[in-house]
Amino acid sequence: MATTRIISMHKNEGKSSNECIENRIDYIVDPYKTEGLRYVTSYQCEPRAAHWQFEISKRTYFQITGREQKNDVIAYQVRQSFKPGEVTPEEANKIGYELARRFLKGKHAFIVATHTDKDHIHNHIIWNSTTLDCHRKWRDFLGSGKAVARLSDIICLEHSLSVIDHPQNKSMSYNKWLGDNAKPTQRDVIRADIDSIISQKPTSFDELINALTSKGYEVRRRGKNISVRASGEKGFIRLSSLDASGSYGEQALRDVIAGKREHSPSKSFKQKQEANINSVIDIHRKLAEGKGAGYAKWAQQFNLKQMAKAVSYLSQNGLLNEKKFERALKEASEKNDSSLEKVKKLEKRLGEIAVLQKHILNYLKTRDIFAEYKKSGYSKKYLSEHESEIALHRAAKHAFDELQLEKLPSLKELQIEYASVLSEKKKAYSDYSEAKSEYRTLLTAKANLDALLGKKTDEVKRGISEEHK
């Protein structure tokens, strides 16, 4: 289930369109909201440099068409919200990307950022009002909101998600959604059953399918896709959509059975729940801020659950021994720092490519004008008539001189390098997000354990210590 809304973005007074778009993009790709940019995808643009790319397309549009409006829409945004617990961040981002591609028909650059910091997962989709070929602009039309909502519903149904006709502005709390009362999704159950069958070493893919059937699943093939439906469930779920990496797709499973690749079981729902360790609440401080007795009672129960999760996590990973924990923490910290450094290095290169593309484009567009300016003997009159174009040309040449370029790379060469670096950056972000999550989990678990031991007697401390030596 998802609700959608289209928002038109205009230039704010006193700011350029470039600045307005940059501010909005910075908000939606906030690393805190997108788990270190892990859930940010884009089409025909790089999120951190998209404001420049959007601006260049608008200048080109004006040069081609001669049309310019002061209060024109500079970009559009769609907010797409999902029902808590029904979709993973990976799938939400995939659905948002699919919605943008199909709604815009591949004619506009766009960014999809999936936020996980609220009580419900939601997408922010921003697209350039100017088309990729810079000849036209997307215009909001009567019924566009209904059109995008209808397409969103269709895509949700294709992903076996529920659809509602009249969304209500109500949702369960974030803590309840992620807490102990949460239940595994259909995908969690299907993945667990497939993992169990794979562990029994089936000799063929047909044997795996038969094993699923014996567990009560209905199996359906449509074209290249195989879908399954558990007993009592309404919708079918494609095997290829069970996780973001596609490791549960038909070909991937055939390769595993044939010994061509190793199967990496998805984390079980229980493991996900146990890994979700929150810091304990400072109840005394909250009471001093005005919280009541009811809150204190809830917080005590919450703290006990988080402490229990911390002990379970550290125990299962053999980290209750202080020396082992310190060693694991150091390794996690180094992994976090090195992966972040790699991400920054790749981001820097993407930014350099984007800026270089901008200067090359400006150079090519203003080359003839500057040649005429030079031919005029650097006429002041000619300069006043073409001041902005000449300034762009000089800025481009200055940038080339600073980079000490012997030969200008072609835009096609830069596009190829850009795509390669962008692909590498996405993998690096995934690694960084995983490393950061592991590091934070270790810190939180240790802090919760310290809080637990700080409230116990020396005798209990000795008992816990001896039990886990």
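Here the residue numbers are simple positions, counted from 1 along each chain's written sequence. Whole-chain, interface and lining totals are the exception, using all residues; otherwise, since this is a predicted model, local features are given only for residues with pLDDT of at least 70 and side-chain atom pairs are given and counted only at 80 or more. To get the side-chain values, all heavy atoms of the structure are used, and hydrogens and water are removed first.

Let us now look at the overall build of the protein. Think of it this way: any DSSP run of H or I at least four residues long counts as a helix, any run of E at least two long counts as a strand, and we number them from the N terminus. Scanning the protein from N- to C-terminus turns up 16 helices and eight strands. In what follows, residue pairs with any heavy atoms lying within 4.5 Å of each other are defined as contacts. Taking the contacts inside the protein whose residues are at least 6 apart along the sequence as the reference set, 72% of them involve residues at least 24 apart. The method behind every accessible area is Shrake-Rupley, applied with a 1.4 Å probe, and residues are considered shielded solely by the protein chains displayed. For the protein, the exposed surface amounts to about 27,300 Å²; the carbon and sulfur share of it is 49%.

Bringing the pattern of salt bridges into the picture now. Throughout this description, the term salt bridge denotes a Lys or Arg side-chain nitrogen within 4 Å of a carboxyl oxygen of Asp or Glu. The full count for this structure, using the stated rule, is 14 salt bridges. With a closest N to O distance of 2.9 Å, Glu 91 and Arg 187 form a salt bridge. With Glu 91 in helix H3 (residues 89-104) and Arg 187 in helix H6 (residues 186-199), this pair connects stretches of sequence that are 96 residues apart. Relative accessible area decides the class of each residue, using a 1.4 Å probe on protein chains only: under 20% of the type maximum gives buried, over 50% gives exposed, and in between gives partly exposed. With a relative accessible area of 8%, Arg 187 lands in the buried category. Note that Glu 250 is salt-bridged to Arg 254, the shortest N-O span being 3.0 Å. Note that Glu 250 and Arg 254 are positioned in helix H8 (residues 250-257) at a spacing of four residues, about one turn of the helix. Counted as one network, the salt bridges with shared partners bring together Arg 221, Glu 250 and Arg 254.

Another aspect to go through is a nonpolar patch on the surface. Only residues whose relative accessible area exceeds 30% and that take part in no salt bridge are eligible for patches, with like-charged residues grouped when within 9 Å of each other and nonpolar side chains (Val, Leu, Ile, Met, Phe, Trp, Tyr) grouped when within 5 Å. There is a patch of nonpolar side chains on the surface, built from Leu 403, Leu 405 and Leu 408 and spanning about 230 Å² of accessible area. The residue Leu 405 is located in the loop between helix H14 (387-403) and helix H15 (411-453) in this model.

In the contact formed by H6 and helix H7 (residues 205-214), the axes pass within 10 Å of each other and the chain directions differ by 130°. Of the possible angle classes, the one that applies to H6 and H7 is oblique. In this structure, H6 crosses over H7, and the sense of that crossing is right-handed. Residues Asp 193, Ile 194, Ile 197 and Ile 198 of H6 form the contact with H7, whose own contacting residues are Leu 208, Ala 211 and Leu 212. Throughout this entry, Asp, Glu, Lys and Arg are counted as charged residues, while Ala, Val, Leu, Ile, Met, Phe, Trp, Tyr, Cys and Pro are counted as nonpolar. The remaining residues, Gly among them, count as polar. Here the contact of H6 with H7 is composed, by residue class, of six nonpolar, no polar and one charged. Fitted lines through C-alpha atoms serve as axes, helices being fitted only where they are in contact, and the angles separating the N-to-C directions of these axes extend from 0 to 180 degrees. For classification purposes, an angle smaller than 35 degrees is called roughly parallel, one larger than 145 roughly antiparallel, one from 65 to 115 roughly perpendicular, and anything else oblique. Two helices crossing with the near one rotated counterclockwise from the far one by less than a right angle form a left-handed crossing, whereas a clockwise rotation gives a right-handed crossing.

This brings us to the packing of helix H12 (residues 322-375) against H14. In the contact formed by H12 and H14, the axes pass within 7 Å of each other and the chain directions differ by 125°. In this view, H12 runs oblique relative to H14, as classed from their interaxial angle. In this structure, H12 meets H14 at a crossing whose hand is left-handed. Contacts between H12 and H14 involve Leu 356, His 359, Ile 360, Asn 362, Tyr 363, Thr 366, Arg 367, Ile 369, Phe 370 and Tyr 373 from the former and Glu 389, Ile 390, Leu 392, His 393, Arg 394, Ala 395, Ala 396, Lys 397, Ala 399, Phe 400 and Leu 403 from the latter. For the contact of H12 with H14, the residue count by class is 13 nonpolar, four polar and four charged.

Turning next to a negative patch on the surface. Counting rule for charge: Lys and Arg are taken as positive, Asp and Glu as negative, and neither His nor the chain ends is counted. Charge positions come from single atoms, namely NZ of Lys, CZ of Arg, CG of Asp or CD of Glu. Side chains of Glu 331, Glu 334, Asp 337, Glu 341, Glu 434 and Glu 438 sit close together on the surface and give a patch of like negative charge. At the level of secondary structure, the elements contributing two or more residues to the negative patch comprise H12 and H15. Take Glu 341: it is sitting in helix H12.

Turning to the confidence of the model for the protein, a few remarks are in order. The share of residues in the protein with pLDDT of 70 or more is 87%, and the mean pLDDT across the chain is 81. The predictor reports its confidence for every residue as pLDDT, a score running from 0 up to 100. Residue range residues 165-182 is modelled with pLDDT below 50. Its contacts to residues more than four positions away, or to other chains, number 28 contacts. Of the regions scoring below 50 in pLDDT, residues 455-469 engages in seven contacts with residues more than four places distant in sequence or in other chains.

Bringing the packing of aromatic side chains into the picture now. Note on aromatic contacts: the rings of Phe and Tyr and the six-membered ring of Trp form a pair at centre separations within 6.5 Å, being stacked when their planes are under 30 degrees apart, edge-to-face when over 60 apart, and tilted otherwise. Tallied over the entire structure, the rule returns twelve aromatic pairs. Ring centres of Tyr 76 and Trp 138 lie 4.7 Å apart, and the angle between their planes is 75°; this geometry places the pair in the edge-to-face category. Taken together, the residues Tyr 76 in strand E3 (residues 73-82) and Trp 138 in the loop between strand E5 (122-128) and helix H4 (144-158) connect sequence positions 62 residues apart. For the residue pair Tyr 76 and Trp 138, the accessibility class agrees, reading buried in each case. With 5.1 Å between their ring centres and 85° between their planes, Tyr 373 and Tyr 378 make a pair best called edge-to-face. Residue classification places Tyr 373 among the buried positions, given a relative accessible area of 5%. On the accessibility criterion, Tyr 378 (42% relative accessible area) is partly exposed.

Although it is not a glycine, Tyr 378 adopts a positive phi angle of roughly 60°. Here Tyr 378 is to be found in the loop between H12 and helix H13 (380-385). The phi dihedral of Gln 404 falls on the positive side, at around 55°, and the residue is not glycine. Counting through the fold element by element, Gln 404 comes out in the loop between H14 and H15. Overall, Gln 404 belongs to the exposed group, its relative accessible area being 68%.

On to the sheet that holds strand E7 (residues 225-229), then. If DSSP finds at least two bridges between two strands, the strands pair. The three strands are arranged E6-E7-E8 in an open sheet whose pairing can be described as antiparallel. What marks the edges here is a single partner per strand, and that holds for strand E6 (218-222) and strand E8 (237-238). Two strands pair when backbone bridges link them, and E6 and E7 are joined in this way by five bridges, in the antiparallel orientation. Opposite Arg 222, over in E7, you have Asn 225 as the bridge partner.

With respect to the helices, strands and loops of the structure, Leu 350 is situated in helix H12. For Leu 350, the contacting residues outside a window of four places in its chain are Glu 46, Tyr 418, Val 421, Leu 422 and Lys 425.

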